[in-house]
Amino acid sequence: MKKHRIPPFAVLGAALLVALPATGALAEDTPAPPEAVQTAPEDLPTDRMIVKYAGTVADAQKTEILESAADQADVPEAEDTTELKTTADGADVVELSDEVTTEDAEKLAAEIAADPAVEYAEPDRLVFAAQIPGMSDAETDRLASTAAAAYDPGVASMWALPTLGAFNAWNTATGKGMTVGVVDTGFANHPDLDSKVIGGYDFVSSPALGNDGNGRDPDPRDPGTYSTYGQCYSGSPASNSIWHGTHVAGTVAAKRDNYGTVGVAPDATLLNARALGACGTGYVSDMADAVTWLAGEPVAGVPAAKKRANVINMSLSMYGSCPAVLQTAINKAWFKGIPVAVAAGNNYGAQAINYAPGNCYNVITVGAVTSSRTVANYSNVGAAVDIYAPGDHILSSGNTGARGPVAPNVRYDYGTSMATPHVAGTLALMKQKNPTLSSDQLKNLLLTSGDPFFAGKTLNTHDGLYITSAFNDVSWGRTFYNEIAWTRAAGISNGWPAGAARVYRPTHNVSREQMAAFLYRVAGKPAYTPPRVSPFADVPTTHVFYKEIAWMRASGVSTGWVSSNGVRTYKPTQAISRDQMAAFLYRLAGKPGFTAPATSPFVDVSPRQGFYKEMAWMRATAISTGWDDGTYRPSASVSRDVMAAFLQRFDRAY
């Protein structure tokens, strides 16, 4: 591809509200009113495209694809391109010869994607820090008089932590052993953070946005987000540095000492993934690589972190659908058990579903509430917001520099950016206590423990740790505890009422009627109308699980038994055996292509016995590995705790 001069401003943006700095505001002041807000336009230009090819494609063919698409879309800027980098998922990031409008960028992406050699194509848009700066000199001066009795001087001014019950939560977990990855502007040196940072990398690939004189490099510290007029996008105003990543990191994990503030998870460590530069902006492709790196996955040209993150925080937002390259990165983290907390965005009551990454799958989208437990007027809202957290007038780490870093301080800020790290810190505490829980389980626990209010749920850090068991007879540390808790969270089994609590009866055997109900729920409760005449002679239409048992017959999961006189029965109260369980799950999976080995994987299962293929499949898929003595025990009954393990493993695999 042809080389060309890199234009000074390479941008595509999202709708983000950034308030002008307040002057002389008091602690009780609310954020700047909408008329004082600089709004990043939704319709911003870009000079980058992300192209993922379906296979190996020669450079000459890539050039031909881009030039043809440029001609079809009537976008001549795409006829002369430079390949800048390859994303972690193998997509090319190419630079156009000049900026193009959002409309032209979308048309160009559609034409590129129409080529059979292309898996997907999309504009490389800009993401913005989801912060509304609310600091003032008056507030800085006031902090000097904060009561010195507190261990950290700023604690008396931190309304969020006592509201969340964080201080009491530290009796159970403090984040020790957990690492939170922060995708942001980088961190400035700060006494509350320096000893907590165990690694980092600068992912800002654009020298025009980097403010450090280069593109990517091993130094993730924040050089300042200051900008000149037009630096970040056409018409963008000149701005001072906001020390966004420093503030976010302090809310997550500022250490307990005699300086500044304290974080939600004060003993957690931090990974610093700098991906936002001038104006608090950065390209989507850089965000995706940062998330991938934090998840412990390789990124070309970037050395691996010493330790992968246990939780990821993304206090950023942009208008539009979730980009494929970012969704891929998020999925890698989420399915490795790394929950991803993201900001809902600050667009004054706009629907969060219209802003990424809050509208991506496999994230926890966070809106902002005030100290009076109302939704902050700047916060995005709607069904896409999973939980609300304190985001108003939040005191945390900062710096005094208007351009580059000068001296560390503490400062107040507002925004869903400030709400999100409260959730990330809480997740670090929860994960310390429950290290084996999946991202979905942690999200379910977080939402279940949240306090209901008119707009949904608000974060409750204390209760996120103190919901110790869904069932009174299943204690923490018990074998298959996590799997049993999953059955409740996933709606598979609610157990039985026991006064004001519930019990699970883990050692009870599972009957065939109960198994029908469990499998129907695992299948997602598919739409099904049972027949008026029962398919089984021993299951009346009035049976409590008649619909589920009839569905078992209709779906082919269980055909029951047929006697010599042609009568078909189901034997609903009979305990299900382990070989039958294997057959049920194999059929529920759609009878996947599988060739059973000639030699049995279990010493007590012969290749000639019934359901051998299905039991061997259970071993091959790790749904059941049997016992340490090499047996499967096919005729043994399935207990409810073992059933929970089988179903969770099946659900993850299929």
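Residues numbered from 1 in each chain as written. Predicted model: local features only at pLDDT ≥ 70, side-chain atom pairs only at ≥ 80, totals over all residues. Heavy atoms only, no water.

(A) Examining the overall build of the chain more closely. Within the chain one finds 18 helices and 26 strands. Within the chain, the fraction of its 654 residues that count as buried is 56%. Counted over contacts in the chain with a minimum sequence separation of 6, partners at least 24 positions apart contribute 73%. Carbon and sulfur atoms make up 51% of the accessible area of the chain, which totals about 25100 Å². (Helix = DSSP H or I, 4+ residues; strand = E, 2+ residues; numbered from the N terminus. Buried < 20%, exposed > 50% of the residue type's maximum accessible area, 1.4 Å probe, protein only. Contact = heavy atoms within 4.5 Å. Areas by Shrake-Rupley, 256 points an atom, 1.4 Å probe, with all protein chains shown as cover.)

(B) Representation of the pairing of strand 5 (residues 92-100) in the model. Examined bridge by bridge, strand 3 (residues 46-53) and strand 5 share 5 bridges and lie antiparallel to one another. Note on strand 5: the bridge partner recorded for Met49 is Val94. Here strand 4 (residues 82-86) folds back onto strand 5 in antiparallel fashion, the turn holding 5 residues, of which Gly90 has a positive phi close to 90 degrees. (Pairing = 2+ DSSP bridges.)

(C) Fine view of the nonpolar core. Within the largest apolar cluster, 52 residues are counted, with the highest numbers of intra-cluster contacts made by Val180, Leu270, Ile364, Val423, Leu427, Leu429 and Leu446. With 8 residues, helix 10 (residues 416-433) is the largest single contributor of residues to this core. (Core = buried A, V, L, I, M, F, W, Y, C linked by side-chain atoms within 4.5 Å.)

(D) Structural context of the environment of Val522. Turning to its location among the elements, Val522 is positioned in helix 14 (residues 512-522). A C-alpha to C-alpha distance of 6.6 Å links Val522 and Ile492, two positions 30 residues apart in sequence. Filtering out sequence-adjacent residues up to four positions away, Val522 remains in contact with Ile492, Leu588, Leu647, Phe650 and Asp651.

(E) A look at the packing of aromatic side chains. Going through the model one piece at a time under the given rule, you end up with 13 aromatic pairs. Centre to centre, the rings of Phe167 and Trp170 are 5.3 Å apart; their planes meet at 75 degrees, and the pair counts as edge-to-face. Trp170 sits in the buried class, given a relative accessible area of 14%. What links up through ring pairs into an aromatic cluster is the set Tyr586, Trp617, Phe650 and Tyr654. In this structure, Arg505 packs its charged tip against the face of Trp496, placed 4.1 Å from the ring centre. The ring centre of Trp561 lies 4.1 Å from the NZ or CZ of Lys571, which sits over that ring. (Phe/Tyr/Trp six-rings, centres within 6.5 Å; stacked < 30°, edge-to-face > 60°. Lys NZ or Arg CZ within 6 Å of the ring centre and 35° of its normal.)

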